[in-house]
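Fold and geometry: a report
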Amino acid sequence: MITHTFILPRDGCDFAHWRGLARWLWARQVRPEAVVWHTEDAQARTPDLFAPPTRATQLADLPPAPERPLSVPRSWLAEAEQCLLHRAPSRFALLYRLLWRMQLTPGLRHDLLDADSVQMQHWIHAVRREVHKTHAFVRFRPVALADDPIDGCGPLHVAWFEPEHHIVQAAAPFFVNRFANMRWAILTPQCSLRWWPQAPDIAALAAQGVQPGFAQQPLAGRPGVLSWGPGASADDAPAADAGEGLWLTYYAHIFNPARLKIAAMRKEMPRKYWHNMPETQLISPLVQAAQARSAAMLANAPTTPQRKLPARPAQ
C-alpha cells in the first residue's frame, strides 16, 4: 500500500488547504490509513527523518485527480473547521476518516454514538470553551507609543496569553468589535495579533512589515486592519503598571465572602490561566479570610440608615 505524506502549512489550521487535499485524496480513492499528516510547525519542533517533504504540500504540485462526487452536510464543514483548531495531532486523520466513512455510509452523519463523531465533538467543545476563556481572561497592559495617522493614537495595549489550542485568530473578532478604536496586541507562543485601528487598508502598513497574506480588514466600510505574525514569549509582554494596582484594589473590594463557592470558581476559572491574571494573587488570602469576614458580618448588628427618604405627600 502506497503511503501519502502531507505537510500542512504552519499549524495546520488552514481549513481551505486541508479541504483541498482531502478532496484530492477522495478523488484518488486513497484510504484514510494510507495518509500521514504533518504540520510545518510540528516538523520544525520535532523533524521526521522519514518524511521526505520539507515544505507544505501544495495542491498544485499533486498529480491531477479525476472528478468524483463528494457530499457532506454544510454544518459538518463548519464543525470540521473548528475541529482543526484543536492541538491534537490526530485531528487531520480523524476528519479525513470521517469524510471517507460518510461517503460510504451516508447515515453515519446521524449516528451520535459513533466513536469518531464523539471525539470530534469533544475537540470542538474544547476549542469553543477556550475561545470563551480567551475573551474572559486576556488582560491588557498599556505601553506608551507615539501617535501615528495610520496606526492611531493613545497607548498600545498589550496582553500575554497562553492558549492550549490554536484559537488566537478565532478569538480575534471579539476584541476587534469591542476595542475597535484602541491600539492593541495579543502575544501568544503560537502567534501574535496586532490591531491597527486607523489603517485605511493593508497596503498602507507595508512600511510596518505587514504582508497581505497575514492581515485582513474585518470591519466593512471603516478603517482598521488586523495583522498576525510569529509567536512571542512572556518576556516580550510589558510589566505591571500603576493601573494594575488600581484594578487589584477594586477586585479586593468587590469580593463578597458570603457568596464564595470555591469549586464553581475553579471550574469557571481553571488554574492553568491564573499565572497570567494579576488578580489571582489575591484569591488565596481572600479565600482564607472569607469565613472570618462572613462571621463578622453576621455578628454585627444591623445599622439604621442615616438618610431617610422624604414621605410622599398625601393624595
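It should be noted that the structure appears before, not after, this text.
Residues numbered from 1 in each chain as written. Predicted model: local features only at pLDDT ≥ 70, side-chain atom pairs only at ≥ 80, totals over all residues. Heavy atoms only, no water.

**Side note on the overall build of the protein chain**
Put simply, the rule is: Put simply, DSSP marks the helices as runs of H or I at least four residues long and the strands as runs of E at least two long, and each gets a number from the N terminus on. Our radius of gyration looks at C-alpha atoms and nothing else; its globule reference is 2.2 Å times the residue count to the power 0.38. For the exposure calls, accessible area comes from a 1.4 Å probe over protein chains only, and a residue counts as buried if that area is under 20% of its type's maximum, exposed if over 50%, partly exposed in between. The criterion used for residue contact is that any of the two residues' heavy atoms lie within 4.5 Å. Surface accessibility follows the Shrake-Rupley procedure with a 1.4 Å probe radius. Residue values consider only the protein chains on display as shielding. Neither His nor the chain termini are counted; the positive set is Lys and Arg, and the negative set is Asp and Glu. Where a charge sits is defined by one atom per residue type, namely NZ (Lys), CZ (Arg), CG (Asp) or CD (Glu).
Looking only at helices and strands, the protein chain features nine helices and eight strands. The C-alpha atoms of the protein chain give 26 Å as radius of gyration, which overshoots the globular expectation for 315 residues (20 Å, by more than 25%). C-alpha atoms of the protein chain, sized along the principal axes, occupy 85 × 55 × 55 Å. In the protein chain, which comprises 315 residues, the proportion classed as buried is 40%. Counting only contacts in the protein chain whose residues sit at least 6 apart along the sequence, the fraction spanning at least 24 positions is 72%. With an accessible surface of roughly 18,900 Å², the protein chain has 57% of that area assigned to carbon and sulfur atoms. Each charge sign in the protein chain was given a centre, from 33 positive and 26 negative side chains, and these centres are 11 Å apart.

**Concerning the packing of helix α4 (residues 91-104) against helix α5 (residues 115-137)**
Put simply, the test is: A fitted line through C-alpha atoms serves as each axis, taken over the contacting stretch for helices, and the angle formed by two N-to-C directions is quoted from 0 to 180°. For classification purposes, angles smaller than 35 degrees are called roughly parallel, those larger than 145 roughly antiparallel, those between 65 and 115 roughly perpendicular, and all remaining angles oblique. With the far helix as reference, a near helix turned anticlockwise by less than a right angle produces a left-handed crossing, and one turned clockwise produces a right-handed crossing. Gly is put with the polar residues, along with every residue not named as nonpolar or charged; the nonpolar set is Ala, Val, Leu, Ile, Met, Phe, Trp, Tyr, Cys and Pro, and the charged set is Asp, Glu, Lys and Arg.
Packing of α4 against α5 leaves a shortest axis separation of 10 Å and a crossing angle of 135°. As summarised for this structure, α4 and α5 are arranged oblique, according to the angle between their axes. The handedness of the crossing between α4 and α5 is left-handed. Facing R91, L94, L95, R97, L98 and R101 of α4, the residues of α5 in contact are D116, S117, Q119, M120 and W123. Across the contact of α4 with α5, the residue classes break down as five nonpolar, two polar and four charged.

**Section: helix α7 (residues 242-254)**
Inclusion rule: By this rule the span expected of a helix is its residue count minus one, scaled by 1.5 Å.
Here α7 contains 13 residues, and its C-alpha end-to-end distance of 19 Å stays within 8% of the 18 Å for a straight helix at 1.5 Å per residue. Summarising the contacts, the buried residues of α7 are in contact with β3 (140-143) and α9 (283-299).

**So, unusual backbone geometry**
Residues other than glycine seldom take positive phi values, yet R10 does so here, at roughly 50°. Residue position: R10 is located in the loop between β1 (4-8) and α1 (15-27). Judged by relative accessible area, R10 falls into the partly exposed class, the value being 42%. For Q29, which is not glycine, the phi torsion reads 55° and is therefore positive. Assignment of secondary structure puts Q29 in the loop between α1 and β2 (35-39). Among the residues examined, Q29 registers a relative accessible area of 33% and is labelled partly exposed.

**Points about the sheet that holds strand β7 (residues 215-216)**
We count it as follows: Note: two strands are recorded as paired if DSSP finds a minimum of 2 bridges between them.
Here we have six strands laid out as an open sheet, ordered β3-β4-β5-β6-β8-β7, and mixed in their pairing. Of all the strands in the sheet, just β3 and β7 have a single pairing partner and so form its edges. Relative to strand β5 (residues 183-187), strand β4 (residues 156-160) runs parallel, the two sharing five bridges. Residue A159 lies in a different strand from β5, and its bridge partner there is I186. The sheet strands contacting helix α6 (residues 168-178) are β3, β5, β6 (191-196) and β8 (225-230), and the helix crosses β6 at an angle near 25°.

**Considerations on the packing of aromatic side chains**
Working definition: an aromatic ring pair is given by the centre-to-centre distance plus the angle between the planes. Operational definition: What counts as a ring pair is set by centres within 6.5 Å for rings of Phe, Tyr and Trp (its six-membered ring), and what kind of pair is set by the plane angle: stacked under 30 degrees, edge-to-face over 60, tilted for all other angles.
This model, assessed by the stated rule, comprises 19 aromatic pairs. Among the aromatic residues, those joined into a ring-pair cluster are F6, F15, W18, W24, W26, W37, F92, Y96 and W100.

**What to know about the pairing of β8**
Side-chain positions along a regular strand alternate between the two faces of the sheet. Here β6 pairs with β8 via six bridges, running antiparallel. Pairing of W195 across the sheet is with L226, part of β8. As judged from the two bridges shared by β7 and β8, these two strands associate in the antiparallel manner. Residue pairing for β8: A215 is matched across the bridge by S227.

Take it as geometry only, folks, not as evidence of what the structure does.
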